[in-house]
Amino acid sequence: MEQLTHKKKLTIMSALMAAMFFAAINQTIVSTAMPRIIAILGGIEYYTWVLTIYMLTSTIATVLVGKLSDIYGRKPFLLIGIVTFMIGAFLCGTSSTIYQMIIYRGIQGVGGGILMSATVTAVGDLFAPRERAKWTGIMMAIFGFSSVIGPTLGGFMVDHIAWKWIFWIFLPLGIVALGMIGVMFPKTARKTTESIDYMGSLFLSLMLVALLLGFSWAGTKYDWGSPEIIGLMGAAAVFLMILLLIERKAASPVLPLSMFKNSIVTISNTVGFLMNAGMMGAMMYLPFFVQGVLGISPTYSGFVNMPMSIAMIVLSTLSGRWISKSGKYKRFALAGMPFMVAGMLLMAFMSNVVVAVLAMIIFGIGLGIAMPVFTLTVQNAVSPSQLGVATATATLFRNLGGTIGIAVMGTIMNATLSNKLEAAVKAGEGPDLSQLEPEQAKQLASFLNPQMLLDQPKLKLLHDSLPDQLQPLFTHTIDMVRHVLSDSLTVVFLFGMSLLIVAFLLVLLLKEIPLRTSNQASHETKAEPSADVKEGERLNKKPALR
C-alpha cells in the first residue's frame with residue numbers, strides 16, 4: 001500500500017485512528033473505575049484476574065493474527081477485531097459476578113488483541129520506517145489522549161451513574177470505526193504461496209496459556225512451590241520445546257526463529273517486555289494509592305493520571321517527528337528511560353497527591369519519548385514480508401511483560417500486605433480489641449480488609465452506622481490499614497523501578513541502523529553505504545530457518 005497517494009493514505013489513517021481510539025478509550029475508561037466495580041461485585045482477590053485475562057487472550061490473539069494478516073491482509077482482522085471487542089464490552093456491562101466479568105473481559109481481550117495488532121501493522125504497510133516514525137508517534141498520542149479523558153470519565157461515571165455504562169458508552173464509536181474500516185481500507189490479495197502453521201499456532205497458544213496461568217496463580221491461588229504451579233511451568237517448558245521443534249521445520253512459521261538471530265529484534269523485544277512489566281505497576285496500582293491510601297474519590301483519582309497522559313501525548317508526537325527527521329532512534333530510548341525510572345522512584349515514596357502528580361508527569365515524559373521507539377526498531381530490522389509477524393512478536397513480548405508483571409506485582413502486593421498487616425496488629429499499632437465486648441471486637445476485626453478502602457461511600461456508611469464509642473476505634477483501624485497499604489505499594493513500585501533499570505542497561509547494547517525510506521526489501525543507500533547500513537542489510541536478508 002506504500003504506492004497509494006498521500007491523500008488516500010490520510011483517509012485510511014483516519015479510519016485506523018478511529019479504530020485505535022475505540023480500543024484505547026474502552027481500556028482506559030475502565031482503569032480508574034475498576035477498583036470500585038470489583039468492590040461492588042466482590043472478590044478483590046480476583047482483581048488481578050480481571051486484568052490478567054484480558055492480557056492473556058489479547059496476547060494469544062495478537063501473535064496468531066500477526067502471521068495470518070501477512071497471508072490474508074489486515075482488513076478482515078480489523079473488522080473481526082472491532083466486532084469481537086464490541087461484543088465483549090457489551091457483555092462486561094451485564095456482569096453480575098466477578099466470574100462473569102473475568103469471562104467477558106477475556107472475550108474483549110481477543111478483540112482488543114486482534115484490533116491493536118492489525119492497526120499497528122497496517123501503519124507499517126502504508127509508510128516506510130523513516131516516515132512511519134511520525135505516524136507511530138501520532139498513534140501513541142491517540143492512546144495517550146484516551147488516557148487523559150478515559151480515567152477521569154470512568155471515575156466520574158462510577159461515582160454518578162450505573163457502572164455498566166462505562167462499558168457501553170462508546171459502543172456507537174465502534175460502529176463508526178467498523179463502517180470507516182469497511183469503506184476506506186483497501187483489500188489486499190491473499191498470498192497463495194503461504195501456508196498456515198496450525199501446529200505451531202496450537203503449541204504457541206498452549207505454551208502462553210500455561211505460562212501466564214502459572215504466573216497469575218502463583219502466590220495467590222496456589223503457593224509458588226505447589227504441584228499446580230510447578231505443573232503449569234513444566235507444561236509451558238514442554239510446549240515451548242515442542243514449538244521450537246515445529247518452527248524449525250515449518251514452511252511458514254507463526255513465530256519465525258530467524259528473527260531472534262537479529263540482535264536489534266531480540267534486544268528491542270526484551271526491553272519492551274521489561275518496560276511493560278514495570279509500567280503496569282504505575283498504571284495498575286496508582287489508583288490503589290490515590291483511592292485507598294489518600295481516600296480520593298474515583299472522579300478525582302482520574303485527574304491524577306491526567307498529567308502523565310498529557311506528557312505522553314506531547315512527547316510521543318514530538319519524538320515521532322524528531323525520529324522521522326533525524327532517522328535516528330537510539331538517543332530517544334536512552335533519553336526516555338531515565339525519566340521513567342525517576343518517575344517510578346517518586347511513586348515508591350509519594351505521600352500526597354502533589355508528589356503523585358509530579359511522579360506521573362515525569363513518568364509520562366519518559367514514556368512518550370521511549371515508547372514509540374521499540375516497535376519501529378523491530379519493523380525496520382526485518383524484511384517487509386515479515387512486517388505482520390514481526391509487529392505481532394513485538395506486541396507479544398510487551399503483552400507478556402504486562403501480564404507477567406501484573407501477576408508478579410500482584411503476588412508481591414498480596415504477600416507484603418498480608419505480612420505487614422499481621423505485623424502491625426502484633427505490634428499493637430491497631431486498636432486494642434481485648435478491651436471490647438466479643439461482638440464489638442469481631443466487628444472491628446472485620447474492618448482489617450484493604451478492599452474496604454476502595455469503596456469510600458460504603459466506608460462512610462459503616463462509620464456512621466457504628467455506636468459513638470466505636471467510631472474513633474474504627475477510624476484508628478482504617479488509618480492503620482491505609483498505612484499498611486501505602487508501605488506495601490512502596491515495595492511494588494520499587495520492584496517496577498528495578499525492571500526499568502535493567503531495560504535501560506539493555507538499551508545501551510541496542511544497535512542502530514538507518515531507518516529505511518522505502519518498504520522495499522533493499523535499503524536506499526548512497527554509493528558508499530556505512531557499516532551500520534551494511535549490518536542492517538545483512539540482518540534483514542537473513543534467511544528463515546527451515
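Report follows, based on the coordinates.

The rules we used
- Residues numbered from 1 in each chain as written.
- Predicted model: local features only at pLDDT ≥ 70, side-chain atom pairs only at ≥ 80, totals over all residues.
- Heavy atoms only, no water.
- Helix = DSSP H or I, 4+ residues; strand = E, 2+ residues; numbered from the N terminus.
- Buried < 20%, exposed > 50% of the residue type's maximum accessible area, 1.4 Å probe, protein only.
- 1 Å grid on protein atoms, 1.4 Å probe; cavity = no way out; pocket = protein on both sides within 12 Å on 5 of 7 lines; lining within 4 Å.
- Points joined across faces, edges and corners; volume = space filled by probe spheres on them.
- Nonpolar A, V, L, I, M, F, W, Y, C, P; charged D, E, K, R; others polar.
- Phe/Tyr/Trp six-rings, centres within 6.5 Å; stacked < 30°, edge-to-face > 60°.
- Polar contact = N/O pair within 3.5 Å; in protein donor to acceptor, adjacent residues only side chain to side chain.
- Contact = heavy atoms within 4.5 Å.
- Patch = residues over 30% accessible without salt bridge, like charges linked within 9 Å, V, L, I, M, F, W, Y side chains within 5 Å.
- Areas by Shrake-Rupley, 256 points an atom, 1.4 Å probe, with all protein chains shown as cover.
- Salt bridge = Lys/Arg side-chain N within 4 Å of Asp/Glu carboxyl O.
- Core = buried A, V, L, I, M, F, W, Y, C linked by side-chain atoms within 4.5 Å.
- Expected span 1.5 Å × (residues − 1).
- Arc of directions from axis to C-beta.
- Axes fitted to C-alpha atoms, helices over the stretch in contact; angles between N-to-C directions.
- Parallel < 35°, antiparallel > 145°, perpendicular 65-115°, else oblique.
- Left-handed = near helix turned anticlockwise from the far one by under 90°.

## Description of the overall build of the protein
Secondary structure summary: the protein contains 18 helices and zero strands in total. Considering the protein as a whole, with its 546 residues, one finds that 59% of them fall into the buried category.

## Considerations on empty space enclosed by the protein
Following the criterion strictly, the structure yields three cavities of 30 Å³ or more and no others. Forming the boundary of the largest cavity are 45 residues, of which Met 116, Phe 143, Asn 276, Met 279 and Asn 399 lie nearest the centre. Elements represented by at least two residues in the lining of the largest cavity include exactly α1 (6–41), α2 (47–72), α4 (98–126), α5 (129–160), α10 (263–293), α11 (298–326), α13 (353–381) and α14 (387–426). Its residues assigned to classes, the lining of the largest cavity comprises 26 nonpolar, 16 polar and three charged.

## Focus on the environment of Ile 40
Following the sequence through the fold, Ile 40 ends up in helix α1. Linking Ile 40 and Ile 98, residues 58 residues apart in sequence, is a C-alpha distance of 9.3 Å.

## Description of the packing of aromatic side chains
Under the criterion given, the structure shown has eight aromatic pairs. Between Phe 203 and Phe 239, the aromatic rings sit 6.1 Å apart at their centres with planes inclined by 55°, giving tilted as the arrangement. Placement of Phe 203 in helix α8 (residues 198–217) and of Phe 239 in helix α9 (residues 227–249) is noted, with a sequence separation of 36 residues between them. For Phe 203, a relative accessible area of 15% corresponds to the buried category. When its relative accessible area of 21% is taken as the criterion, Phe 239 is described as partly exposed. An aromatic cluster is built from Phe 90, Trp 165 and Trp 168, whose rings are joined through pairwise contacts.

## Digging into the side chain of Asp 197
Tracing the chain through its elements places Asp 197 in the loop between α7 (171–184) and α8. Only 3.0 Å separates the side chain of Asp 197 from the backbone nitrogen of Gly 200, close enough to count as a polar contact. Excluding residues within four positions of it along the chain, Asp 197 makes contact with Ile 246, Glu 247, Ala 250, Ser 252, Pro 253 and Val 254.

## Overview of a nonpolar patch on the surface
Taken together, Ile 310, Val 314, Leu 318 and Trp 322 make up a surface patch of nonpolar side chains, about 340 Å² in accessible area. Take Trp 322: it is sitting in helix α11. Judged by relative accessible area, which is 41%, Trp 322 ranks as partly exposed.

## Quick notes on the nonpolar core
By size, the foremost hydrophobic cluster in this structure holds 160 residues, and its most contacted members are Leu 16 and Ile 37. At 18 residues, the largest contribution of residues to this core is made by α1. With sequence-adjacent residues up to four places away left out, Ile 37 is seen in contact with Met 101, Val 158, Trp 163, Ile 166 and Phe 167. One finds Leu 459, Leu 470, Phe 474 and Ile 478 within the second-largest nonpolar core, a separate group that totals five residues.

## Focus on helix α12 (residues 330–348)
End to end, α12 covers 28 Å across 19 residues, agreeing with the expected 27 Å (1.5 Å per residue, within 8%). Turning to α12, its buried residues number three or more, namely Lys 330, Phe 332, Ala 333, Gly 336, Met 337, Met 340, Val 341, Gly 343, Met 344, Met 347 and Ala 348. One side of α12 holds all its buried residues, which, seen down the axis, span an arc of 165°.

## Regarding the environment of Arg 36
Here Arg 36 lies in helix α1. A relative accessible area of 6% places Arg 36 in the buried class.

## As for the packing of α4 against α5
Running from amino to carboxyl end, α4 crosses α5 at an angle of 150°, the nearest separation of the two axes being 9 Å. The orientation of α4 relative to α5 falls into the category roughly antiparallel. Here the hand of the crossing between α4 and α5 comes out right-handed. Contacts between α4 and α5 involve Met 116, Thr 119, Val 123 and Gly 124 on the former and, on the latter, Arg 132, Trp 135, Met 139 and Phe 143.

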